[in-house]
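Overview (structure and organization)
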Amino acid sequence: MSPRILTSHHIFYSVTILRHSLDFPIWKMMTSLSILERQIFMAPFLLLILLIACIHHSVQGSKDWKIFRNTSDTDKRQSFYRKWLFQSILLFDAGGLFSLHFLSNHPQWFPLTQLRLSPGSLHHSSPPTETSPAFLVGLACGIFFVISFFLLRRKLGRTSQALTLGDFTALIPRTIPEAGLVLLLCVNAGFGEELFFRLTLPLLVKDIGGNLIAGTVLSTLLFGGMHWYQGRKGVLATTIIGAFFTLRALNGTPLILLMGLHALMDVFALFVRPALTGHFSKTTVRP
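Residues numbered from 1 in each chain as written. Predicted model: local features only at pLDDT ≥ 70, side-chain atom pairs only at ≥ 80, totals over all residues. Heavy atoms only, no water.

The next thing to look at is the overall build of the protein. When you go through the protein residue by residue, the secondary structure sums to 9 helices and 0 strands. Burial analysis of the protein (287 residues in total) assigns 40% to the buried set. Roughly 16100 Å² of accessible area belongs to the protein as shown, and the carbon and sulfur atoms make up 72% of that amount. (Helix = DSSP H or I, 4+ residues; strand = E, 2+ residues; numbered from the N terminus. Buried < 20%, exposed > 50% of the residue type's maximum accessible area, 1.4 Å probe, protein only. Areas by Shrake-Rupley, 256 points an atom, 1.4 Å probe, with all protein chains shown as cover.)

Encoded structure:
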């Protein structure tokens, strides 16, 4: 059975189970719990399940990574990409959305542009810092500087491998089909991981102990720790990035902006930077 068919079956069975579970008595009992019952029972239970799932996902992912990084066959590489995409959707997207439904004060989803972890010091109607002209100009200047830096190093014939914050070079796509799957991984990482680590986990911990800061610290450390397959530099870099995103979330930045920035950073790391450094060439990228 091919990996593509296997993934399709996984999705089919997952959707079927979810559809039937909506009519199951346990589901109806869970949705009818009072706010106090959700805080006492559901929040700790969901948090435990999610933490176990994250640990399993991280351990299994590290085993897969050791195989993947030494695999040159594009069909096998694509099967790993599809597997990781399916697993991330199941854990971060579906798990995050499912858990948010059982919060004592679950967030309102509409308008989506106003979905936040915390209102911070700003009123909901105030525009976030990330949409201000000064921030956008600074971001554009930063992007221009980084691109110029890598182009200059390439012109001078210097390698940029030493500048990589983590061991993720093997993730860079080598064929056009791989590029499509990697792009989906980048987009879903932006949506799913920000939803999970910057909203769901902090709010679950807050539901249990009433402390949002404790929830953000736990989610930030877990976010960095789940990148341990990238080595120490990768864990340190992702933890720092996660802390920055968490601070912005606490300050009232809408989640959708953090999702977009996260996805753009991944696209830059796996597409733009390799193109600037000459990684994409006729010998490394094939139709």
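Back to the write-up after that little detour.
The subject of this paragraph is the packing of helix α4 (residues 74–100) against helix α6 (residues 176–209). It is at 8 Å that the axes of α4 and α6 come closest, and there the two elements cross at 25°. Between α4 and α6, the crossing angle belongs to the class labelled roughly parallel. Of the two elements, α4 crosses α6, and the hand of that crossing is left-handed. When its residues are assigned to classes, the contact of α4 with α6 shows 20 nonpolar, 8 polar and 5 charged. (Axes fitted to C-alpha atoms, helices over the stretch in contact; angles between N-to-C directions. Parallel < 35°, antiparallel > 145°, perpendicular 65-115°, else oblique. Left-handed = near helix turned anticlockwise from the far one by under 90°. Nonpolar A, V, L, I, M, F, W, Y, C, P; charged D, E, K, R; others polar.)

By size, the foremost hydrophobic cluster in this structure holds 31 residues, and its most contacted members are Leu117, Phe196, Phe197, Leu199, Leu201, Leu203 and Leu255. Broken down by secondary-structure element, the contributors of at least two residues to this core are α3 (35–68), α4, α6, α7 (212–225), α8 (231–250) and α9 (255–276). At 8 residues, α6 tops the list of elements feeding residues into this core. Not counting chain neighbours up to four residues away, the residues in contact with Phe197 comprise Phe92, Pro202, Ser219, Leu222, Phe223 and Met226. (Core = buried A, V, L, I, M, F, W, Y, C linked by side-chain atoms within 4.5 Å. Contact = heavy atoms within 4.5 Å.)

A few words on α4. Along its 27 residues, α4 runs 37 Å from first to last C-alpha, staying within 8% of the 39 Å computed at 1.5 Å per residue. At Ile89, α4 is deflected by roughly 30°, the largest bend along its length. Of the residues that open α4, the one with a side-chain oxygen 3.3 Å from the backbone nitrogen of Asp75 is Asp73. (Expected span 1.5 Å × (residues − 1). Bend = angle between axes of the 7 residues up to and from the residue. Polar contact = N/O pair within 3.5 Å; in protein donor to acceptor, adjacent residues only side chain to side chain.)

Tracing the backbone shows Ser79 in helix α4. A distance of 2.5 Å separates a polar side-chain atom of Ser79 from the backbone oxygen of Lys76.

A few words on the confidence of the model for the protein. Taken over all residues, the pLDDT of the protein has a mean of 77, while the share at 70 or more is 63%. Between residues 1–6, whose pLDDT stays under 50, and residues either more than four places distant or in other chains, the model counts 6 contacts. Confidence drops under a pLDDT of 50 for residues 17–22, and excluding neighbours within four residues, the segment shows 3 contacts in the predicted structure. (pLDDT = per-residue confidence, 0-100.)

Let's shift gears to a nonpolar patch on the surface. Together, Phe41, Phe45 and Ile49 line one region of the surface with nonpolar side chains, adding up to about 300 Å² of accessible area. Given the relative accessible area of 48%, Phe41 is considered partly exposed. (Patch = residues over 30% accessible without salt bridge, like charges linked within 9 Å, V, L, I, M, F, W, Y side chains within 5 Å. Salt bridge = Lys/Arg side-chain N within 4 Å of Asp/Glu carboxyl O.)

As a further point, take the packing of aromatic side chains. Within the structure shown, the criterion is met by 12 aromatic pairs. Consider the rings of Phe92 and Phe196, whose centres lie 5.1 Å apart with planes at 65°: the pair is edge-to-face. With Phe92 in helix α4 and Phe196 in helix α6, this pair connects stretches of sequence that are 104 residues apart. Assigned by exposure class, Phe92 and Phe196 land together as buried. Between the NZ or CZ atom of Arg198 and the centre of the ring of Phe223, over which it lies, the distance is 4.5 Å. (Phe/Tyr/Trp six-rings, centres within 6.5 Å; stacked < 30°, edge-to-face > 60°. Lys NZ or Arg CZ within 6 Å of the ring centre and 35° of its normal.)

On to α8. Residues spaced three or four apart along an α-helix point in a common direction, a consequence of the helix completing one turn every 3.6 residues. Here α8 contains 20 residues, and its C-alpha end-to-end distance of 28 Å stays within 8% of the 28 Å for a straight helix at 1.5 Å per residue. The complete set of buried residues in α8 reads Gly234, Ala237, Thr238, Gly242, Phe245, Thr246, Arg248, Ala249 and Leu250. Next to the buried residues of α8 lie α6, α7 and α9. Directly after α8, the chain includes Gly252, whose backbone phi takes a positive value near 105°.

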